[in-house]
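Chains, contacts and geometry: an overview
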Amino acid sequence: MALVRPSFSFESLVFDAQKDNEITFNVFGGDQYTGYEVEIFNNETNELFFSASKTTYSKKFLLEANTLSNGIEYRIRVRTCIITETSEEYSGYSDQVIIKCYSTPTCSIDNL
C-alpha cells in the first residue's frame, strides 16, 4: 500500500479569522500516516502565506486566531506523511479549498 491523497469534505470554508478555527480533512485507505503538512496561499497573489507541519494521527488542524486576516480570500491544501529516522514519504496534496475570512456580524436593536 501507499499513502493516499487527503481530501476536504467541503468546497469552501467561511470563518472569522480573529477566532481559533479547527479544520478537518479526510483520508480514506492507504498506509497509516504519522503526520501532515498544511499550506495556505493568498488567493489573489498566489503567494504561500502560511505553512505548518505536525506529527500526529489526527485529521484536525487548529488554525489559531489572527493567523489569517478578515477580508482576504485564501486557498488551503494538505498532504500526509510518514517520517522515520531514515526516510520521509509524502502523499500527494489534496485539492485546494477556498477559505473566506469575515468578521462575525453583530445585530443590535435600537428601538422596541
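We now turn to the structure provided with this report. All figures in this text were calculated on a predicted structure; none of them were measured in a lab. (Residues numbered from 1 in each chain as written. Predicted model: local features only at pLDDT ≥ 70, side-chain atom pairs only at ≥ 80, totals over all residues. Heavy atoms only, no water.)

1. Overview of the overall build of the protein chain
Looking only at helices and strands, the protein chain features zero helices and eight strands. Relative to the globule expectation of 13 Å for 112 residues, the C-alpha radius of gyration of the protein chain, 17 Å, shows a markedly less compact shape. Dimensions of the protein chain, computed from the C-alpha atoms along their principal axes, are close to 65 × 30 × 25 Å. Expressed as a percentage of its 112 residues, the buried residues of the protein chain come to 34%. Carbon and sulfur atoms make up 46% of the accessible area of the protein chain, which amounts to about 7300 Å² in all. Placing the 9 positive and 16 negative side-chain charges of the protein chain at their respective mean positions leaves the two points 4 Å apart. (Helix = DSSP H or I, 4+ residues; strand = E, 2+ residues; numbered from the N terminus. Rg over C-alpha atoms; globule rule 2.2 N^0.38 Å. Buried < 20%, exposed > 50% of the residue type's maximum accessible area, 1.4 Å probe, protein only. Areas by Shrake-Rupley, 256 points an atom, 1.4 Å probe, with all protein chains shown as cover. Lys, Arg positive; Asp, Glu negative; His and termini not counted. Charge placed at Lys NZ, Arg CZ, Asp CG, Glu CD.)

2. Overview of unusual backbone geometry
Phi at N46 takes a positive value of approximately 65°, unusual for a residue other than glycine. Even without being glycine, N66 reaches a positive phi, approximately 65°. Along the chain, N66 turns up in the loop between β5 (60-63) and β6 (73-83). Among the residues examined, N66 registers a relative accessible area of 54% and is labelled exposed.

3. Focus: the environment of V97
Secondary-structure assignment places V97 in strand β8 (residues 97-101). Taking the C-alpha atoms as reference points, V97 and Y74, 23 residues apart in sequence, are found 8.3 Å from one another. Apart from the residues lying within four places of it in its own chain, the contact partners of V97 are F8, F10, E11, S12, L13, Y74, R75 and I76. (Contact = heavy atoms within 4.5 Å.)

4. Topic: the packing of aromatic side chains
Under the counting rule described, the total for this entry stands at six aromatic pairs. Seen from their ring centres, F25 and Y36 are 5.3 Å apart, and the 75° between their planes marks the pair as edge-to-face. You can see F25 sitting in the loop between β2 (21-24) and β3 (35-42) and its partner Y36 sitting in strand β3, a full 11 residues away along the chain. Each residue in the set F25, Y33, Y36, F50 and F61 is aromatic and connected to the rest through ring pairs, giving one cluster. (Phe/Tyr/Trp six-rings, centres within 6.5 Å; stacked < 30°, edge-to-face > 60°.)

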